[in-house]
Amino acid sequence: MAGNNGAQNKTAAHIFISPSGSTKKTGRAICSMLEERGYTVREFNLAKYRGREKEVYEAIGASSLLVVGSPVYAGSALSPVTAFLNKMPTANKKPALAYVTYGTVSKGDSLFQLAGALDRKGFKVLGLAAVVAEHSMMFKSGNPLGKGRPGESDNGEIKSWVDSISSSLESTGGKSMDYSVARQRQLFGKVMQATAFRPEFQGFIFPPVSFREESCDSCGACIEVCPSGRLDNLPRINKSVKCLHCYQCVKVCGESAMSAPVRLMQPVLHALARISRGSSEPVTTCYR
Ligand SMILES: Cc1cc2nc3c(=O)[nH]c(=O)nc-3n(C[C@H](O)[C@H](O)[C@H](O)COP(=O)(O)O)c2cc1C
């Protein structure tokens, strides 16, 4: 991968996945703040670049800044994002920012994971942001966790964060920030990581999606929104591709051919969020 072109080349590559749109919206807010500071930004939704990762790696190589975004699922960054980072060619102290969006339950170690992956690839991590968003599993609820977020207060936090790091974005050399600050420290989050969020238990907390072929009118809406490619050959489901449990297929299916009992999880998620943050309002937290 090409070295850091630093101050003379103000181009940023923004890579993200955003099944229900909050991560994309947050990333756009960050990128428009970078554009105001003279950056040209190229955006790559990794769900649309499956099989074309080389193109994205080349664009990252040609940019002077990398911005990475992911939703939090089960206290972790989404696996296609971490897999993409783990396969990325190494960089030479190229500055990088990472952000996650989460639905007020727990951000877990998601940011720490992204920062670690970037650092191990030779990027210089300069800033991290955990942004509060509407909980994407609660689209069937009139009162979803994080309703209306990210909102004005979140954007204010993000703006101060970008302001405070913008001068260091163009500096060459140096090393990553101490990203251990983004580690899961709350006892509740640690307990969740050690129990319900473990991969072998996720099947219990994230109900599987069922497909009823006889109800399917082949409109293709679910194929369009599926971030993993599992539905690409519908009515045959690509079982070799892991379902991320984003439930976007359930959300868009007008014929109920795709279904999952997500409503059952709503009270559980509300209870978990209450335990996690007590009576305080969830806040967007930025690190630099
Ligand atoms: C399967 C699944 C797991 C989730 N796990 C968490 C979690 O561990 N903690 C949390 O606060 N929010 C969790 N969320 C909510 C998402 O992190 C949040 O809504 C995020 O903003 C979604 O991003 P997107 O709109 O870009 O898809 C989860 C959502 C889904 C669908």
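Caption draft 1: View of the pairing of strand S2 (residues 40-45). Inspection of the sheet shows strand S1 (residues 11-16) paired to S2 by 6 bridges, in the parallel sense. Its bridge partner being in S2, Ile-15 is matched across the sheet by Phe-44. Note on the crossover from S1 through helix H1 (residues 22-36) to S2: the handedness is right-handed.

Caption draft 2: A look at empty space enclosed by the protein. Applying the stated criterion across every chain, the model contains 2 cavities of 30 Å³ or more. Roughly 400 Å³ of volume is contained in the largest cavity. Taken together, 33 residues line the largest cavity, and the ones lying closest to its centre are Val-72, Tyr-73, Gly-103, His-135 and Ser-136. Elements represented by at least two residues in the lining of the largest cavity include exactly H1, strand S3 (65-73), strand S5 (95-102) and helix H10 (266-277). The residue makeup of the lining of the largest cavity, split by class, is 20 nonpolar, 12 polar and 1 charged. Taken domain by domain, the makeup of the lining of the largest cavity includes at least three residues from each of domain 1 (6-184 + 281-287) and domain 2 (199-276). Volume-wise, the second largest cavity comes out at about 90 Å³. Looking at the second largest cavity, it is lined by 14 residues, and the ones nearest its centre are Cys-216, Cys-219, Cys-222, Cys-253 and Ala-257. Looking at the lining of the second largest cavity residue by residue, the classes come out as 10 nonpolar, 2 polar and 2 charged.

Caption draft 3: How the structure looks around the pattern of salt bridges. Inspection of the entire model under this criterion finds 12 salt bridges. For Asp-163, the salt bridge identified is with Arg-37, shortest N-O distance 2.0 Å. Of this pair, Asp-163 sits in helix H5 (residues 152-165) while Arg-37 sits in the loop between H1 and S2, placing them 126 residues apart in sequence. The class of Arg-37 is partly exposed, set by a relative accessible area of 21%. With a closest N to O distance of 3.4 Å, Arg-50 and Asp-232 form a salt bridge. Separated by 182 residues along the polypeptide, Arg-50 in the loop between S2 and helix H2 (53-61) and Asp-232 in the loop between helix H8 (221-225) and helix H9 (248-252) bring together distant segments of the chain. The exposure class assigned to Arg-50 is partly exposed, which follows from its relative accessible area of 33%.

Rules and cut-offs
- Residues numbered from 1 in each chain as written.
- Predicted model: local features only at pLDDT ≥ 70, side-chain atom pairs only at ≥ 80, totals over all residues.
- Heavy atoms only, no water.
- Pairing = 2+ DSSP bridges.
- Helix = DSSP H or I, 4+ residues; strand = E, 2+ residues; numbered from the N terminus.
- Right-handed = clockwise from strand over helix to strand, strands pointing away.
- 1 Å grid on protein atoms, 1.4 Å probe; cavity = no way out; pocket = protein on both sides within 12 Å on 5 of 7 lines; lining within 4 Å.
- Points joined across faces, edges and corners; volume = space filled by probe spheres on them.
- Nonpolar A, V, L, I, M, F, W, Y, C, P; charged D, E, K, R; others polar.
- Domains from an automatic or database assignment.
- Salt bridge = Lys/Arg side-chain N within 4 Å of Asp/Glu carboxyl O.
- Buried < 20%, exposed > 50% of the residue type's maximum accessible area, 1.4 Å probe, protein only.

Purely geometric stuff here, so don't read any function into it on its own.
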